Every structure is written in structure tokens, then in C-alpha cells.
There are 2 protein chains.
Amino acid sequence: MEKEKLYVIKIGGNIIDDEQKLSSFLKDFAQIFGASSHPFRSRGLLVHGGGKLATKMAAQLGIEQQMVDGRRITDAETLKIVTMVYAGLINKNIVAQLQSNGCNALGLSGADGNTIKSHKRGSNSALGGGIDYGFVGDVDAVNTGLLQSLLAQQIAVVLAPITHDGNGLLLNTNADTIAQETAKALSNVYDVELIYSFEKSGVLLDVNDEASVVATLTPTYYQELKEKQLIFAGMIPKLDNAFAAINSGVSKVIIGKAEELQQLINGNSGTAIVNA
Amino acid sequence: MEKEKLYVIKIGGNIIDDEQKLSSFLKDFAQIFGASSHPFRSRGLLVHGGGKLATKMAAQLGIEQQMVDGRRITDAETLKIVTMVYAGLINKNIVAQLQSNGCNALGLSGADGNTIKSHKRGSNSALGGGIDYGFVGDVDAVNTGLLQSLLAQQIAVVLAPITHDGNGLLLNTNADTIAQETAKALSNVYDVELIYSFEKSGVLLDVNDEASVVATLTPTYYQELKEKQLIFAGMIPKLDNAFAAINSGVSKVIIGKAEELQQLINGNSGTAIVNA
């Protein structure tokens, strides 16, 4: 039997921070995945990052943010803030907006229904690299049963980048990783396309030229572009994640502009990451 | 066919504010409603209030809390805070703690899955009484389908006191009311007992004497005690709610000490509100 289609869509922090862009993205999302697109609608799962709101909140509360190599350390106070801002303020506002646009949505952290279990990143682990990132979680398992049951009820799931370790600890977790791990796990059940939507038009050959989008990126071409240093450094972890995803069952990964969600889904915009 | 039993349990703010008491309450809850009590376990739904955390957070952020007649006005900034604190920090910490105690839990606001729809309280409404309470919601409808589906999956639902109006607005909503409305709506499907657990042993004849608990409160006895002014003023809205609930399908309402959850369920503690 052919698998049903599922779109796992990550929206980046720059969209979250821009009220207008977020609202227009959510309208598009609701049009594609909401009740009005019935009976032809596909199932959608949205993963959101945090944006600058948590940093702003920390500053307002006078909590100093520790940074190491440009990356934030999640101390106990910062964990409280990201839990509030990501799983509370941002997640619930996204859900309420989707509801108002006719899309029945439901927000979850990884603790809810034990959806995403993680462990605290050790400073001696590969991802730790000698640095203690604090209350940061690396994903161990995505439990697909609950997600399937919600998706089957035509509910769009909205995941916040907060997971738990099963011992009562909430952990700050990279939203790109959550999108990738969720897409991989659900590809056992669905034909999954993973879309990373952000402020750029896709993978650009020239970071200052939005017209220089690479339409299709194969592993060979990716190697070639990396060797020529034509890939923007910040994109490399995202692309490594994307290739890991298509090697683990995800049928397609698309990277592109949040403003062009329908075109990304139709294959008329963005960069498609493919296996060969 | 006999209806399955469901316990809707409200925990009050004083328990939320006390880390030890909350943790011990959640252990009890998990023992009664978690996997280890299988196959004899009942289904449980937990509704939590907010406690003093939101007020503390507002003070830290320098947001002045407007009070009218001892009741907080929820302005736009306060709405953000309660959304963060109730639906984020408190709700997700409760869920993570229940998970760590072997109880699969899932936290929801009223916006999630359109579970609880409300409208902004008008200052000219009965509950408004001439006062503009700001972003406060009065419950219109509880959608039981999703709740049933989660409870059938042996998931303990944890409701935060935030609802939505269907037009994108989140609203601060009284947790006692949420517990009551949810219990009433679910009594179509389940045999529902509603438990208000807080810091007191039940309805007390002498507010300073924990031994003066009224074991059973009928409408007639309630009238009598009110006329003699033997009911603490703060308890009257709670008790009016309780009587409204048993008149709308809820089979039993129990009011008592959070520390004695198992005894409240067994009928060995607290005040039982009954119809006659």
C-alpha cells in the first residue's frame, strides 16, 4: 500500500521574530493543511525554533547569557526561560493563529506524551566537544504512536524545541534536529518530505544573490561546492542533517523561503536535497 | 453499559508554589493513574492553576499588576506572562515530572486541538459586573473528542488555565472553571468525579480548625451554613461551582487536601458535595 504523504516543516527563528511574516506563513500553512483543503489535504507537522524572544526575555530579567564560540549555554535560569518562551508563548500563539485560520493544531513539547526523549549533552560527547552546553538535549527517540494518532485526527502537530530525559528534566533542543529526527522516525509510516523554511531562497551559490539558488543538490555536487568553499558555513550543519535524513528514509528534503511554502511543496522553489 | 470512571482533579496555586508538595502530589497522581497501576488504573485529567509564579515574573519584568477588588486585570503584557508561565513553565514541568514517575502525561492549553473555546469577558456581562478584566476568557465549549482519544490511549491530560477564542486570541481562564466545565462535558462519556485539591482538609466549619471538616455537604446544609455565615467567603464560588457541576452530570465533587489524593478518591477524606 502506498504510504500517505506527510510534510514536516521547520520554520526558522527569523520568521518567528517577525510578526507579519509569521502570520502570513501560518495563513499559508493553514490553507494547505487546514480543513478548507479537505478532502485533498495532506498532513502537516510544524517544528518551530525560538528566535530572539528568549534572549530578549533573559535580558529583561537581568539573566546574563553565557556564550561559548557563539553558542548559548543553557544554564538553569535560561532553561526556565526557553521552556516558557518556546513551549508556552510561541507554541501557543502559533496554535491559536492556526486555529483562527481554520487549521486544527495542537502544540507539544517532547515531554508531552513522551514524544521526544533526549539525554543531556555531555561535554565529552561528540556534540559536546569539550564544552558543557548546560541543559541541552540530544535526541534519543521519537515516539511515533501519539503523533500518528493526532495526524490521523486531521490535527496539525506543532512541536516546540524542548525535550525531556524521562527523569523529570526538560532540555533545550535544536529545532533543526527535532525536525530531522521526527521526519526520519515518521518515514516508517508516512511518505515524508522535510522542508526547512527560513529567510533565504534556498542554498545559494552567492550568499548575497537570492537568484543564485541551487535547484538540486546531490551528495557529489555538495562535496564539490564544499571543496570550493561555495557553501555558507552556517548552512553546513543544516545540509549535513538534510543528507542524513534522506539516507534514513525521508523521501525529499527542501530548503527554501518561508514566504513560498506552497511553491516549496510543489517543487517550484528552493533547493531539493536528493540522494543521487 | 456502565460508563468508565474518570477523575478530573484540580490542584490549587498553593501546591504549585511549593516544589516539595507539588512533587509529592505528582508522585501520588502517577501512582494512581500511571502505568504501574495497570490493569486497575482509572483515567485521570489534571487541571492546574497558576500560583504566584506569574506575579513574581511580572514583578521581575517590571510590569505593574493592575488589581480591581483584589482581582488581577489581565492586560496584554500580563497575558504574555501567564501564557509563558502557565502553558509553558508550569505545564511542561508537571508533564516531565509525571513522565519520570511512570505516568504518560500530555499538557494542553485550550487552544490545542481547540479543546476549550472561550470568549473575552465583557465588562457588561454577569461575570464582568462593570469591570474590564482584560484578556480573561469565559468558557463556551469543551471539545471532548480529542480528550477522549488521549484518555483512551492511557494518557493523563494536564490542562493549563489558558483558553482561546477561535480568532487567534489566547485568554487567561479560571482553573476552577476549566475543571468544572471539563468535568461536565466529559460526564456525557465517563462517570466523572471532580476533585478540588488544595491546602485545606475540605470545607471547614472553623477555618482555623482542620478537624472541623464537613464530611458531606447537601444543598440544604450548604444554605444553612451560608445563612449562619459559617462558610469562608473564598470558598463560596468554589462551592457554587461544585453544586453546578453535580447538577450537570458530574457524579461526585470532592474538596480536600492535595496531600491526601488517594484518600480523597477513596472517600476517606475531604468534603463530598452531593445532590441530596
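Relevant structure appears above.
Residues numbered from 1 in each chain as written. Chains lettered and ligands numbered in written order. Predicted model: local features only at pLDDT ≥ 70, side-chain atom pairs only at ≥ 80, totals over all residues.

1. Topic: the overall build of chain A
Short version of the rule: A helix here means a DSSP run of H or I that spans at least four residues, while a strand means a run of E at least two residues long, and both kinds are numbered starting from the N terminus. Neighbour density around each residue's C-beta defines its exposure: 20 or more other C-beta atoms within 10 Å make it buried, 12 or fewer make it exposed, and counts between make it partly exposed, where C-beta atoms are placed from the backbone.
Across its full length, chain A carries 9 helices and 14 strands. Across its three principal axes, chain A shows a C-alpha extent of roughly 45 × 45 × 35 Å. Counting across all 276 residues of chain A, residues that qualify as buried make up 52%.

2. Topic: the relation of the copies chain A and chain B
Each of the two chain copies goes to the other by way of a rotation about an axis and a shift along it. In plain terms, the rule: Least squares is the method used to superpose the copies, on C-alpha atoms of residues holding a pLDDT of at least 70 in both. A residue pair is marked as a contact if its C-beta atoms, positioned from the backbone, fall within 7 Å.
The transform that puts chain A on chain B rotates by 180 degrees and translates by 0.0 Å along the axis, for an RMSD of 0.0 Å. Put plainly, the chains are arranged around a two-fold axis. For chain A, the residue whose C-alpha comes nearest the rotation axis is G88 of chain A, separated from it by 1.8 Å. Taken together, the interface assignments show that 100% of the residues at the interface of chain A recur at the interface of chain B, consistent with an identical surface on both copies.

3. Let's talk about unusual backbone geometry
Positive phi outside glycine occurs at Q154 of chain A, with the angle close to 60 degrees. Note on placement: Q154 of chain A falls in the loop between α5 (144-152) and β8 (156-159).

4. A few points about the environment of K5 of chain A
All names here are of chain A. Here K5 shows up in strand β1 (residues 5-11). Considered as a pair, K5 and E193 are 188 residues apart in the sequence and their alpha carbons are 7.7 Å apart. Setting aside its immediate chain neighbours within four residues, K5 contacts S42, Y190 and D191.

5. Notes on helix α8 (residues 236-246) of chain B
A turn of α-helix holds 3.6 residues, and therefore any two residues three or four places apart point the same way. All names here are of chain B. How we decide: An arc is given here, and it is the one of the directions from the helix axis to the C-beta atoms.
Within the sequence span of α8, burial applies to K238, L239, N241, A242, A245 and I246. Along the axis of α8, the buried residues cluster in a sector spanning 155 degrees; they form a single face. Exposed residues on α8 whose side chains face more than 90 degrees from its buried face are I236 and P237. Residues of α8 that are buried sit in contact with α6 (175-186), β11 (191-198), α7 (219-227), β13 (252-257) and β14 (271-273).

6. Concerning helix α6 (residues 175-186) of chain A
Residues and elements named next belong to chain A. Operational definition: A helix is expected to span 1.5 Å for every residue after the first.
The first and last C-alpha atoms of α6 sit 16 Å apart over 12 residues, in line with the 16 Å expected at 1.5 Å per residue. Counting buried residues along α6, 12 of its 12 residues qualify, which places the element largely inside the surrounding structure. Within α6 the residues assigned to the buried category are A175, D176, T177, I178, A179, Q180, E181, T182, A183, K184, A185 and L186.

7. Regarding the sheet that holds strand β12 (residues 216-217) of chain A
By way of backbone hydrogen bonds, the strands of a sheet pair with one another, either parallel or antiparallel. Residues and elements named next belong to chain A. Keep this limit in mind: What makes two strands pair is DSSP finding at least two bridges between them. Axes here mean lines fitted to C-alpha atoms, for a helix over just the part in contact, with angles spanning 0 to 180 degrees between N-to-C directions.
Spatially, the 8 strands line up as an open sheet ordered β5-β8-β2-β1-β11-β13-β14-β12, and their pairing is mixed. Whereas interior strands pair on both sides, the edge strands pair on one side only; in this sheet they are β5 (105-108) and β12. Of the pairings in the sheet, the one linking strand β13 (residues 252-257) to strand β14 (residues 271-273) comprises 3 bridges and is antiparallel in character. Across the sheet, residue V253 finds its bridge partner in β14, namely I273. In this fold helix α4 (residues 76-100) packs onto β2 (43-48), β5 and β8, with an angle of close to 170 degrees to the strand it touches most, β5.

8. Looking at the interface of chain A and chain B
Put simply, the rule is: For this scheme, ten residues count as nonpolar: Ala, Val, Leu, Ile, Met, Phe, Trp, Tyr, Cys and Pro. Four count as charged, namely Asp, Glu, Lys and Arg, and the remainder, Gly too, count as polar.
With 35 residues of chain A in contact, the opposing surface of chain B contributes 35 residues. Elements with a minimum of two residues in the side of chain A that touches chain B: α4, β5, α5 and β9 (162-164) of chain A. Examining the composition of the side of chain A that touches chain B, we find that 14 residues originate from one element, α4 of chain A, more than from any other. Grouping the amino acids of the side of chain A that touches chain B by side-chain chemistry returns 14 nonpolar, 18 polar and 3 charged.

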